[in-house]
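Listed here are the chains, written in short residue letters.
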Amino acid sequence: MNTKATRRKKSSLTEVKVAVIGAPGVGKSETRYKHEVLVDGEPVLYEILDTCPKNEDDLPSSEIINWADGLLFVYSITNRRSFTFLKRVGTLIADSDIPVYIVGNKNDMVHLREVSAEEGAMLARDFECGFSEVAAAEQVAPVAVVFQEICRAVLAARRKSKHSLLERMLGSRTSNLRLYVRGKSDSALPKD
Ligand SMILES: Nc1nc2c(ncn2[C@@H]2O[C@H](COP(=O)(O)OP(=O)(O)OP(=O)(O)O)[C@@H](O)[C@H]2O)c(=O)[nH]1
């Protein structure tokens with residue numbers, strides 16, 4: 001059924017584009033998740049681009065990075081080269097504010113571990129982003145949490161850039177203006 005109400009609901013969805021980046025074979029395709037989810041009560045439509053590098057020298061293009069609202073960096077805890085790959089990708093986005101989340105995948109294979117959780121956490125500190133280890137092939141819930149986290153980071157970055165744009169546009173005049181974001185609570189605002 002394609003009623004007006006459904007159409008309106010769909011068009012009001014927040015859209016978040018996430019590029020999943022990582023060396024070949026780290027388990028990126030296992031990180032696909034439901035495309036429409038609720039994040040903090042807000043319906044969000046994900047568009048997920050699973051990048052497929054041909055080899056470990058095939059870093060993501062600037063088109064991919066410019067397309068994405070957020071980047072999900074995936075390495076395998078059993079493959080140090082996949083971790084180094086992400087460090088190299090990091091140099092490509094060093095001057096950008098794009099939100100990133102780092103995932104160490106295959107943590108069901110601890111007996112083959114080559115990258116410690118501390119190293120993953122340290123890289124996340126360098127990128128000032130979130131980090132977790134998962135076994136994407138085995139657990140759905142932790143992967144869902146990862147997508148929620150990257151989405152929160154993207155929404156927070158959007159709010160921040162909207163706010164600073166308003167500040168730049170209005171400059172010192174903001175002190176004489178009452179600003180509010182139009183939304184559900186408008187009717188609750190005082191009328192004066
Ligand atoms: N043990 C284990 N294997 C996993 C996990 N996630 C993915 N794999 C396996 O790792 C292999 C590679 O996974 P893919 O999802 O194809 O990896 P990819 O990063 O998409 O690889 P490319 O498409 O080549 O870039 C597959 O055999 C998966 O079953 C995991 O959490 N644990």
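The structure we're discussing is the one just above.
Source: prediction; values computed, not measured.

Enquirer: Can you explain the packing of aromatic side chains? Please cite residues and give values.
Expert: Tallied over the full model, the rule gives three aromatic pairs. Look at F73 and F127: their rings are 5.5 Å apart centre to centre, the planes differ by 90°, and that puts the pair in the edge-to-face class. Residue F73 is located in strand β4 (residues 70-76), and its partner F127 is located in helix α4 (residues 117-127); the two are separated by 54 residues in the primary sequence.

Enquirer: Before we move on, can you summarise unusual backbone geometry with the specific residues and values?
Expert: The phi torsion at K106 lies on the positive side, around 70°, for a residue other than glycine. Assignment of secondary structure puts K106 in the loop between β5 (100-105) and α4. Looking at K106, the relative accessible area reads 25%, which means it is partly exposed. Within the chain, E128 stands out as a residue other than glycine whose phi angle is a positive 50°.

Enquirer: I'd like a description of the environment of F131, backed by residues and values.
Expert: Within the element layout of this structure, F131 appears in strand β6 (residues 130-133). Sequence-wise, F131 and V146 are 15 residues apart; in three dimensions their C-alpha atoms are separated by 8.4 Å. Once residues lying within four places of it in the same chain are set aside, the contact partners of F131 are Y75, Y101, I102, G104, A117, G120, A121 and A124.

Enquirer: Give me the lowdown on the site of the ligand, citing residues and values where you can.
Expert: Around the ligand, a shell composed of 15 residues is seen, among which G25, K28, S29, D108 and A136 lie nearest. Note that a nitrogen atom of the ligand is positioned 3.1 Å from one of the side-chain N or O atoms of N105. The protein chains hide 68% of the 650 Å² of surface that the ligand would expose on its own. When its residues are assigned to classes, the shell around the ligand shows seven nonpolar, four polar and four charged.

Enquirer: Now, about the sheet that holds strand β1 (residues 14-21): what can you tell me, with residues and values included?
Expert: The sheet built from six strands is open, its strands ordered β2-β3-β1-β4-β5-β6 with mixed pairing. At either end of the open sheet lies a strand with only one pairing partner, and these are β2 (36-39) and β6. Mean inter-strand twist for the sheet, computed between neighbouring axes without regard to direction, equals 30°. Examined bridge by bridge, β4 and β5 share six bridges and lie parallel to one another. Within the sheet, the bridge partner assigned to F73 lies in β5 and is I102. Packing against the sheet, helix α3 (residues 80-92) makes contact with β1 and β4, and its axis sits at approximately 155° to β4. Contacts between α4 and the sheet are confined to β4, β5 and β6, with β6 contributing the most and set at about 160° to the helix.

Enquirer: So what about the pairing of β2? Which residues, and what values?
Expert: Only one face of β2 is covered, namely the face carrying V37 and V39; the face carrying E36 and L38 is uncovered. For β2 and strand β3 (residues 42-50), the ladder comprises four bridges, and the chain directions are antiparallel. Note on β3: the bridge partner recorded for L38 is P43. If you look at the hairpin formed by β2 and β3, you'll find two residues sitting between the two strands, and D40 has a positive phi there, around 50°.

Enquirer: How would you summarise α4 if you had to cite specific residues and measurements?
Expert: Among the residues of α4, G120, L123 and A124 are the ones counted as buried. One side of α4 holds all its buried residues, which, seen down the axis, span an arc of 100°. The outward face of α4, more than 90 degrees from its buried face, is lined by the exposed residues E118, R125 and D126. Buried residues along α4 sit in contact with β4, α3, β5 and β6. Just downstream of α4, E128 is the residue with a positive phi angle, here 50°.

Rules used in this analysis
Residues numbered from 1 in each chain as written. Predicted model: local features only at pLDDT ≥ 70, side-chain atom pairs only at ≥ 80, totals over all residues. Heavy atoms only, no water. Phe/Tyr/Trp six-rings, centres within 6.5 Å; stacked < 30°, edge-to-face > 60°. Helix = DSSP H or I, 4+ residues; strand = E, 2+ residues; numbered from the N terminus. Buried < 20%, exposed > 50% of the residue type's maximum accessible area, 1.4 Å probe, protein only. Contact = heavy atoms within 4.5 Å. Near = heavy atom within 4 Å. Polar contact = N/O pair within 3.5 Å; in protein donor to acceptor, adjacent residues only side chain to side chain. Areas by Shrake-Rupley, 256 points an atom, 1.4 Å probe, with all protein chains shown as cover. Nonpolar A, V, L, I, M, F, W, Y, C, P; charged D, E, K, R; others polar. Pairing = 2+ DSSP bridges. Axes fitted to C-alpha atoms, helices over the stretch in contact; angles between N-to-C directions. Arc of directions from axis to C-beta.

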